[in-house]
Amino acid sequence: MPAKSLQIPTADGQADGFAAFPDDGERHPGVLLYMDAFGVRPVLRQMALELAGHGYYVLVPNVFYRHGPAPVIELPEHIGKEIRPAVIAQLMPLIQAHTVEHALRDADAYVRFLTTRPEVSPGPVAVIGYCMGVNVALRTAAAHPGQVAALAGFHPSPLVTDAPDSPHRLVTELTAQVHLGLAGNDMTSEAISELDQALDAAGVDHTCEIYPDTVHGFTMSDTDAFNASALQRHWDRLLPLLDRALADR
């Protein structure tokens, strides 16, 4: 199962990243996978390879490429509770610099790159995000409604805010089927209710679920937040979603 390093042309330069896909010479549905705040690293490669094993071409860009190739900062093999604050402090300027404008310009480039790969079958794609990547994934799906048929997000950063461009205000643009898997401490019950109401009002086919006994970051096996049963639940929700949305590919 190949994992091929790539350079993705964007309006602001070249984004490094990689793609994982079946090595069978066939074309497969495309999946755009947005990283969490810790960035492109071995755990995301493992997850992309797992998805590729189920018959998908998975593109994983380094969204912090404006600050250098991944890993943009030096990361330990395991991000424990004791060093997490220091790592986040290093990453925060990069996170803050990744503006909505940057995210949308990059999304155009990533979707264009993904949908024109010779290994990717024609038709719509899926977008997946983790942590800060959920926000970007939702914006990508809303900006490309005819091209994104599935949207999945796990332990998201805030999706309901007072900002005029809060992610939850964009759901009227979605045509994708949606699954959101939340940690117990990701969103208040009021925020979850507001998000659900917005999705319902927009007629979006969706599920929004709190995964039991989880904290933010539960899918990432290189952190103390990792929860093995929740990671399996994530696969149990994600793979059927992709199969349903991209079944005709």
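Thresholds applied
- Residues numbered from 1 in each chain as written.
- Predicted model: local features only at pLDDT ≥ 70, side-chain atom pairs only at ≥ 80, totals over all residues.
- Heavy atoms only, no water.
- Helix = DSSP H or I, 4+ residues; strand = E, 2+ residues; numbered from the N terminus.
- Rg over C-alpha atoms; globule rule 2.2 N^0.38 Å.
- Salt bridge = Lys/Arg side-chain N within 4 Å of Asp/Glu carboxyl O.
- Buried < 20%, exposed > 50% of the residue type's maximum accessible area, 1.4 Å probe, protein only.
- Axes fitted to C-alpha atoms, helices over the stretch in contact; angles between N-to-C directions.
- Left-handed = near helix turned anticlockwise from the far one by under 90°.
- Contact = heavy atoms within 4.5 Å.
- Nonpolar A, V, L, I, M, F, W, Y, C, P; charged D, E, K, R; others polar.
- Phe/Tyr/Trp six-rings, centres within 6.5 Å; stacked < 30°, edge-to-face > 60°.
- Lys NZ or Arg CZ within 6 Å of the ring centre and 35° of its normal.
- Core = buried A, V, L, I, M, F, W, Y, C linked by side-chain atoms within 4.5 Å.
- Pairing = 2+ DSSP bridges.

**Concerning the overall build of the protein chain**
Logical step 1: Of regular secondary structure, the protein chain possesses six helices and eight strands.
Logical step 2: When the helices and strands of the protein chain are placed in sequence order, the string is β-β-β-α-β-α-α-β-α-β-β-α-β-α.
Logical step 3: A compact globule built from 249 residues should have a C-alpha radius of gyration of about 18 Å, and the protein chain, at 17 Å, falls within 12% of that.
Logical step 4: Judged by the C-alpha coordinates and their principal axes, the protein chain covers about 45 × 45 × 35 Å.

**Here we look at the pattern of salt bridges**
Logical step 1: The final tally for this structure, using the stated rule, is eight salt bridges.
Logical step 2: Linking arginine 66 and aspartate 12 is a salt bridge whose minimum nitrogen-to-oxygen distance equals 2.7 Å. Placement of the pair is arginine 66 in the loop between β4 (57-61) and α2 (84-97) and aspartate 12 in the loop between β1 (3-10) and β2 (13-20), with a sequence separation of 54 residues.
Logical step 3: Assessed through its relative accessible area of 36%, aspartate 12 is described here as partly exposed.
Logical step 4: Among the ionic pairs, arginine 41 bridges to aspartate 222, the shortest N-O distance being 2.7 Å. Note that arginine 41 is positioned in the loop between β3 (30-34) and α1 (42-53) and aspartate 222 in the loop between β8 (206-210) and α6 (228-245), a separation of 181 residues in sequence. As far as burial versus exposure is concerned, arginine 41 and aspartate 222 are alike and both buried.
Logical step 5: A cluster of three or more residues bridged by salt bridges with shared partners is formed by Asp12, Arg66, Arg105 and Asp106.

**Points about unusual backbone geometry**
Logical step 1: The residue after alanine 70, namely proline 71, is reached through a cis peptide bond having omega -5°.
Logical step 2: A positive phi angle, close to 35°, is found at histidine 155, a residue other than glycine.
Logical step 3: Note on placement: histidine 155 falls in the loop between β6 (148-154) and β7 (177-182).
Logical step 4: The phi dihedral of aspartate 213 is positive, around 60°, even though this residue is not glycine.

**Side note on the packing of helix α3 (residues 100-115) against helix α4 (residues 132-143)**
Logical step 1: Remark: α3 packs on α4, axes separated minimally by 10 Å, with the N-to-C direction vectors making an angle of 60°. Crossing handedness for the pair α3 and α4: right-handed. Contacts between α3 and α4 involve Val100, Ala103, Leu104, Ala107 and Val111 from the first element and Val136, Arg139, Thr140 and Ala143 from the second.
Logical step 2: Looking at the contact of α3 with α4, its residues break down into seven nonpolar, one polar and one charged.

**Regarding the packing of aromatic side chains**
Logical step 1: Going through the model one piece at a time under the given rule, you end up with five aromatic pairs.
Logical step 2: Aromatic pair tyrosine 130 and phenylalanine 154: ring centres 5.6 Å apart, planes at 25°, arrangement stacked. Taken as a pair, tyrosine 130 in strand β5 (residues 125-130) and phenylalanine 154 in strand β6 lie far apart in primary sequence, 24 residues in all.
Logical step 3: Residue classification places phenylalanine 154 among the buried residues on the basis of a relative accessible area of 0%.
Logical step 4: With a centroid separation of 5.2 Å and 35° between ring planes, the pair formed by tyrosine 211 and phenylalanine 218 is classed as tilted.
Logical step 5: You can call phenylalanine 218 buried: its relative accessible area is 0%.
Logical step 6: Members of the aromatic cluster, each reached through a chain of ring pairs, are Tyr130, Phe154, Tyr211 and Phe218.
Logical step 7: One residue, arginine 45, lies across the ring of phenylalanine 18, its end atom 4.3 Å from the ring centre.
Logical step 8: Sitting over the ring of tyrosine 211, arginine 233 keeps its end group 5.6 Å from the ring centre.

**Digging into the nonpolar core**
Logical step 1: The biggest cluster of nonpolar side chains holds 88 residues, and the ones touching the most others in it are Tyr34, Leu51, Leu174 and Leu238.
Logical step 2: Leucine 174 has contacts with Leu138, Ala141, Ala142, Leu151, Leu199 and Val204, leaving out every residue within four places of it along the chain.

**As for the sheet that holds β5**
Logical step 1: With mixed pairing, the eight strands of this open sheet are ordered in space as β1-β2-β4-β3-β5-β6-β7-β8. A strand with exactly one partner marks an edge of an open sheet, and here the two such strands are β1 and β8. Direction aside, the axes of adjacent strands within the sheet are offset by 20° on average.
Logical step 2: Where β1 lies against β2, eight bridges are found, and the strand directions are antiparallel. Pairing of serine 5 across the sheet is with phenylalanine 18, part of β2.
Logical step 3: Of the strands in this sheet, β1, β2, β3, β4 and β5 are in contact with α3, which crosses β1 at around 130°.
Logical step 4: Relative to β8, helix α5 (residues 189-201) is tilted by about 170°, and along the sheet it contacts β7 and β8.

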